[in-house]
Amino acid sequence: MGESVVSAEAERHLRLLVLRAAWLNQAFVHWRYRPADVQALLPGGLTADTYDGSAWVTLSPFVMADVRPAGVPPPAPAVGSFLETNLRTYVRGPGGRQALWFLTIEVSTAAMLAARAMGAPYHSGSLTLRQGDRTYFYAGMRHGGGASYRLAVRRGEPVTAPSERDVWLTTRWHAFTRRAGLIWDTPVEHQPWPLHTATVENLAQSLTTAVGLPAPTGEPLVHFSPGVTPVRIGVSRPRRRAARIARDVTAVPPAS
């Protein structure tokens, strides 16, 4: 039984938007962690969320497609598509709000590095995605060397009735960042994730140790989704002043 319930449906319809996009061919590789290991990487005001007594960290590569600023609908050209991979964990913030906290975000376009000014831990790198017969091959190497990953995920059957844990591990309607001593809350809206079972056929990664976590142990839980569209990303708003961060994860040197 989980300690908390997350809705598979978006909390509300967003009226003030920053971006529209599609998230496609997304894998979710989830590891259990001790809550204390995750808490050490969070700023004041955020608490590691838990399920079945564990904090969770998820490696999630995908295609960020049809990206366009709000107010620029089709048929106007989109900003573009690129590959993105995030390493994220699950937190509770002011008022108990459940959200994502990104430990690192790897992207294939340097244009996204401007978002670091908003507190998002973006790093540019060389990212690739190849698709075989029900198998997706993801790889990435951060520019300058160090943090990297190789992942092959085999897609299984559709999950027709997602469990509470399936939803908890894949769905959040908010993401927190830290900027200028404040916790900022960015809302998102999209249709419920169409999930598939999945298995890892190959995995080597140094992203977890690069951000200051112990290397994961045990077999991960895995999901795959063909994606959701449209994704509507709302305006970030400050929530409360953050206490001094225990560890600045963007400053942790990558593992060699």
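In this report, we go over the structure that sits alongside the text. (Residues numbered from 1 in each chain as written. Predicted model: local features only at pLDDT ≥ 70, side-chain atom pairs only at ≥ 80, totals over all residues. Heavy atoms only, no water.)

1. Structural notes on the overall build of the protein
Stage number 1. When you go through the protein residue by residue, the secondary structure sums to three helices and 13 strands.
Stage number 2. Expressed as a percentage of its 256 residues, the buried residues of the protein come to 51%.
Stage number 3. For the protein, long-range pairs separated by at least 24 residues make up 72% of all intrachain contacts whose partners lie at least 6 apart in sequence.
Stage number 4. Accessible surface, the protein: about 11,500 Å² in total, of which carbon and sulfur atoms supply 54%. (Helix = DSSP H or I, 4+ residues; strand = E, 2+ residues; numbered from the N terminus. Buried < 20%, exposed > 50% of the residue type's maximum accessible area, 1.4 Å probe, protein only. Contact = heavy atoms within 4.5 Å. Areas by Shrake-Rupley, 256 points an atom, 1.4 Å probe, with all protein chains shown as cover.)

2. Considerations on the nonpolar core
Stage number 1. The biggest cluster of nonpolar side chains holds 37 residues, and the ones touching the most others in it are Val38, Leu87, Leu103 and Leu213.
Stage number 2. Mapped by element, the contributors of at least two residues to this core are β1 (17-33), β3 (55-69), β4 (80-92), β5 (98-107), β7 (135-142), β8 (148-158), α3 (207-210) and β12 (221-234).
Stage number 3. In this view, leucine 213 contacts Tyr33, Asp37, Val38, Leu41, Val57, Leu103 and Thr208; residues no more than four positions away in its chain are not counted.
Stage number 4. Core analysis: the second largest hydrophobic core is formed by 30 residues, Val67, Tyr90, Ala120 and Leu169 among them. (Core = buried A, V, L, I, M, F, W, Y, C linked by side-chain atoms within 4.5 Å.)

3. Description of the side chain of glutamate 106
Stage number 1. By secondary structure assignment, the location of glutamate 106 is in strand β5.
Stage number 2. Given the relative accessible area of 3%, glutamate 106 is considered buried.
Stage number 3. For glutamate 106, the side chain forms a polar contact with the side chain of arginine 142, separated by 2.7 Å.
Stage number 4. For glutamate 106, the contacting residues outside a window of four places in its chain are Leu83, Glu84, Thr85, His123, Leu127, Arg142 and Leu207. (Polar contact = N/O pair within 3.5 Å; in protein donor to acceptor, adjacent residues only side chain to side chain.)

4. Some thoughts on unusual backbone geometry
Stage number 1. In this chain, threonine 229 is followed by proline 230 through a cis amide linkage whose omega measures -5°.
Stage number 2. In this fold, proline 230 is placed in strand β12.
Stage number 3. If you check the backbone angles, aspartate 52 has positive phi at about 55° while not being a glycine.
Stage number 4. Within the element layout of this structure, aspartate 52 appears in the loop between β2 (47-48) and β3.
Stage number 5. Its identity is not glycine, yet aspartate 66 carries a phi of approximately 50°, on the positive side.
Stage number 6. Mapped onto the elements of the fold, aspartate 66 is located in strand β3.
Stage number 7. Assessed through its relative accessible area of 35%, aspartate 66 is described here as partly exposed.

5. A few points about the pattern of salt bridges
Stage number 1. Counted by the stated rule, this structure contains ten salt bridges.
Stage number 2. Here arginine 34 makes a salt bridge to aspartate 37, at a shortest N to O gap of 2.8 Å.
Stage number 3. Residue classification places aspartate 37 among the buried positions, given a relative accessible area of 18%.
Stage number 4. A salt bridge links arginine 97 to aspartate 185, with the nearest nitrogen and oxygen atoms 2.6 Å apart. Separated by 88 residues along the polypeptide, arginine 97 in the loop between β4 and β5 and aspartate 185 in strand β10 (residues 182-189) bring together distant segments of the chain.
Stage number 5. Using a relative accessible area of 28% as the deciding quantity, one classes arginine 97 as partly exposed.
Stage number 6. Judged by relative accessible area, aspartate 185 falls into the buried class, the value being 1%. (Salt bridge = Lys/Arg side-chain N within 4 Å of Asp/Glu carboxyl O.)

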